[in-house]
Amino acid sequence: MAIFGAMDTAASGATVSRVWLDAISDNIANLNTIKSADEEPFRARLVIARAYRDDGGRGAGVVRIASKAGEPAMAYDPGNPLADEEGYILRPVVDLGEEMTNMLLAQRTYQANMVTVDRAQNVYRAALQIGTR
């Protein structure tokens, strides 16, 4: 294990949390993005991450960004210029409640990782001062 392993591990977790928060903010920003019935609707972005402990690395990393599966909701809005002949538009595949819950989880995860970085720095500073006293 490297001497700064705790900081590296926590920093990688904070990076995953930042990417997750970026995806969530993009999902919320596109909550009202509508498409015509013949176009693909906006789909929430999902961050796929994994732990790196088996292959010599430590921490976590983003594997890929996936799109949320599921059927988009059709909404009746005949006055909308994007509506089809029957007056329907496609709503995005985004659940605001789910996004808000994910945002709280991502924020707490980021905060926990940053506290770990801060505490590791304090421990390393204290270790460096042992020989100077």
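Here we summarise the structure given alongside this text. The structure displayed is predicted, hence computed values, not measured ones.

## Thoughts on the overall build of the protein chain
Helix and strand counts for the protein chain come out as 2 helices and 5 strands. The helix and strand sequence of the protein chain, counted from the amino end, reads α-β-β-β-β-β-α. Relative to a compact globule of 133 residues, whose C-alpha radius of gyration would be 14 Å, the protein chain shows 22 Å and is clearly more extended. Referenced to the eigenvectors of the C-alpha coordinate spread, the extents of the protein chain come out at roughly 80 × 30 × 20 Å. In the protein chain, buried positions account for 29% of the 133 residues. Residue pairs in contact within the protein chain that sit at least 24 positions apart in sequence constitute 60% of those at least 6 positions apart. Accessible area for the protein chain stands at about 8700 Å²; split by element, carbon and sulfur atoms hold 55% of it. One finds the centroid of the 14 positive side-chain charges in the protein chain at a distance of 16 Å from the centroid of its 17 negative side-chain charges.

## Re a negative patch on the surface
A surface patch of like charges, here negative, comprises Asp38, Glu39, Glu85 and Glu86. As for its position among the elements, Glu39 is in the loop between β1 (35-36) and β2 (45-51). Looking at Glu39, the relative accessible area reads 36%, which means it is partly exposed.

## With respect to the packing of aromatic side chains
A complete count under the given rule lists 1 aromatic pair for this structure. Seen from their ring centres, Tyr76 and Tyr88 are 5.4 Å apart, and the 65° between their planes marks the pair as edge-to-face. With Tyr76 in strand β4 (residues 74-76) and Tyr88 in strand β5 (residues 88-90), the pair connects residues that are 12 residues apart, well separated along the chain. What makes Tyr76 exposed here is its relative accessible area of 56%.

## A closer look at the side chain of Asn27
Relative to the assigned elements, Asn27 resides in helix α1 (residues 5-29). Asn27 sits in the buried class, given a relative accessible area of 0%. Polar side-chain contacts of Asn27 include one of 2.7 Å to the backbone nitrogen of Arg45. Other than its neighbours up to four places away in sequence, Asn27 contacts Phe42, Ala44, Arg45, Val94 and Glu99.

## Details of the pattern of salt bridges
Within the structure shown, the criterion is met by 4 salt bridges. A salt bridge links Glu98 to Lys68; the nearest nitrogen and oxygen atoms lie 2.9 Å apart. Pair noted here: Glu98 is in helix α2 (residues 96-129) and Lys68 is in the loop between β3 (60-67) and β4, with a separation of 30 residues, a long-range link. Glu98 gets classed as partly exposed once you look at its relative accessible area, which sits at 29%.

Rules used throughout
Residues numbered from 1 in each chain as written. Predicted model: local features only at pLDDT ≥ 70, side-chain atom pairs only at ≥ 80, totals over all residues. Heavy atoms only, no water. Helix = DSSP H or I, 4+ residues; strand = E, 2+ residues; numbered from the N terminus. Rg over C-alpha atoms; globule rule 2.2 N^0.38 Å. Buried < 20%, exposed > 50% of the residue type's maximum accessible area, 1.4 Å probe, protein only. Contact = heavy atoms within 4.5 Å. Areas by Shrake-Rupley, 256 points an atom, 1.4 Å probe, with all protein chains shown as cover. Lys, Arg positive; Asp, Glu negative; His and termini not counted. Charge placed at Lys NZ, Arg CZ, Asp CG, Glu CD. Patch = residues over 30% accessible without salt bridge, like charges linked within 9 Å, V, L, I, M, F, W, Y side chains within 5 Å. Salt bridge = Lys/Arg side-chain N within 4 Å of Asp/Glu carboxyl O. Phe/Tyr/Trp six-rings, centres within 6.5 Å; stacked < 30°, edge-to-face > 60°. Polar contact = N/O pair within 3.5 Å; in protein donor to acceptor, adjacent residues only side chain to side chain.

These figures come from the coordinates and say nothing about function on their own.
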